[in-house]
Amino acid sequence: MTNGMGIKIGRAAYVFPDRFDLDLVCGMTYSGVVDIGILRKHVMKDLAPDFVAETRPGDLLVAGSFFPYGHFHPSAMLAMRDLGIDMILARSFQTVFFKTYLAQGMLVLPCAVLPDDIRRFETFAVDLDDWSVWREATGESFPLDEVTRTEREIMSCGGIRPYLMKKHGSER
């Protein structure tokens, strides 16, 4: 199915292990904070102190299985979006996280065959029409796991609100 989403190229800004606790991204102290200025000072500082300085718009996150473990405070992904990250590749997602961030316009892309040896700052090309991922470091290509047609359409539209507006017309 071609949906006209094209190819997105980005570096792995960070590689999370299996069952990573999302609370560690900004810390529990900042779990309810939505002020981007504050979040920017604390995002990933305990895991990768250079994260904010080294992350570029268009970078992506790579994760293991059942990403993420823990609570789904908005602070972590607000901070990531502010840095220009709008795509996550993971072997699998926790269902509530997948649905929540899909609705918010994040490209949450399951790929069960992602290898274990991915390193930070590797470059990937994600073909959203052919539904595959190409790894520059090795030249390998991996199929993305299937998602529903509606989930793909939501991704194509940039989130649930634009999807509903396209499907049902203007705002009511």
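Anything mentioned here points back to the structure above.
Here is a short report on the structure shown in this document. Every chain begins its residue count from 1, and numbering advances along the sequence as written. Reporting in this predicted model follows two pLDDT cut-offs: at least 70 for local features of residues, and 80 or more for side-chain atom pairs to be given and counted; totals over whole chains, interfaces and linings ignore these cut-offs and use all residues. Hydrogens and water are ignored here; the side-chain numbers use all heavy atoms of the structure.

## What about helix H5 (residues 149-157)?
In an α-helix, one turn spans 3.6 residues, which is why side chains three or four residues apart end up on the same side. The criterion, for reference: Under the scheme applied here, a residue whose accessible area is under 20% of the maximum for its type counts as buried, over 50% as exposed, and between as partly exposed, the area being computed with a 1.4 Å probe on protein chains only. The secondary structure listing takes helices from DSSP runs of H or I that are at least 4 residues long and strands from runs of E that are at least 2 residues long, numbered from the N terminus. What the arc describes is the spread of directions from the helix axis to the C-beta atoms. Contacts are residue-level and defined by heavy atoms, with any inter-residue pair within 4.5 Å sufficient.
Of all the residues in H5, the buried ones are Glu151, Arg152, Ile154 and Met155. Viewed along the axis of H5, the buried residues span an arc of 160 degrees, placing them on a single side of the element. Structurally, H5 contributes buried residues whose contacts are with helix H4 (95-103), strand E4 (107-110) and helix H6 (160-168). Remark: glycine 158 follows H5 within two positions and exhibits a positive phi of approximately 95 degrees.

## Comments concerning unusual backbone geometry
The general pattern is negative phi for most residues beyond glycine and trans for most peptide bonds. Note that the residue after phenylalanine 67, namely proline 68, is joined by a cis bond; omega there is -20 degrees. Relative to the helices and strands, proline 68 is located in the loop between strand E2 (60-63) and helix H3 (74-82). Of note, the phi angle at phenylalanine 66 is positive, near 50 degrees, even though the residue is not glycine. Its place among the elements puts phenylalanine 66 in the loop between E2 and H3. Assessed through its relative accessible area of 31%, phenylalanine 66 is described here as partly exposed.

## Regarding the packing of aromatic side chains
Spelled out, the test is: Put simply, two rings from Phe, Tyr or Trp (the six-membered ring, in Trp's case) pair if the centres are within 6.5 Å, and we call them stacked under 30 degrees between planes, edge-to-face over 60, tilted for the rest. Put simply, a charge is over a ring when the Lys NZ or the Arg CZ is close to the ring centre, within 6 Å, and near the line of the ring normal, within 35 degrees.
Taken as a whole and assessed by the stated rule, the structure comprises nine aromatic pairs. With 4.8 Å between their ring centres and 55 degrees between their planes, tyrosine 14 and phenylalanine 16 make a pair best called tilted. The exposure class of phenylalanine 16 is buried, given its relative accessible area of 3%. One aromatic cluster is present, built from ring pairs that chain together Tyr14, Phe16, Phe20, Phe51, Phe67, Phe93, Phe97, Phe98 and Tyr101. Arginine 152 extends its terminal NZ or CZ atom over the ring of tryptophan 131, reaching a point 4.0 Å from the ring centre.

## Some remarks on the sheet that holds strand E6 (residues 132-135)
Operational definition: Think of it this way: DSSP has to see at least two bridges between two strands before they count as a pair. An axis is simply a line fitted to the C-alpha atoms; with a helix, the fit covers only the stretch in contact. Between two such axes, the angle follows the N-to-C directions and lies from 0 to 180 degrees.
Pairing is mixed in the open sheet, where seven strands are placed in the order E4-E3-E2-E1-E5-E6-E7. What marks the edges here is a single partner per strand, and that holds for E4 and strand E7 (141-143). Direction aside, neighbouring strands of the sheet carry axes that sit 30 degrees apart on average. Relative to E4, strand E3 (residues 87-90) runs parallel, the two being bridged by four bridges. Among the inter-strand pairings, isoleucine 88 is bridged to a residue of E4, identified as valine 108.

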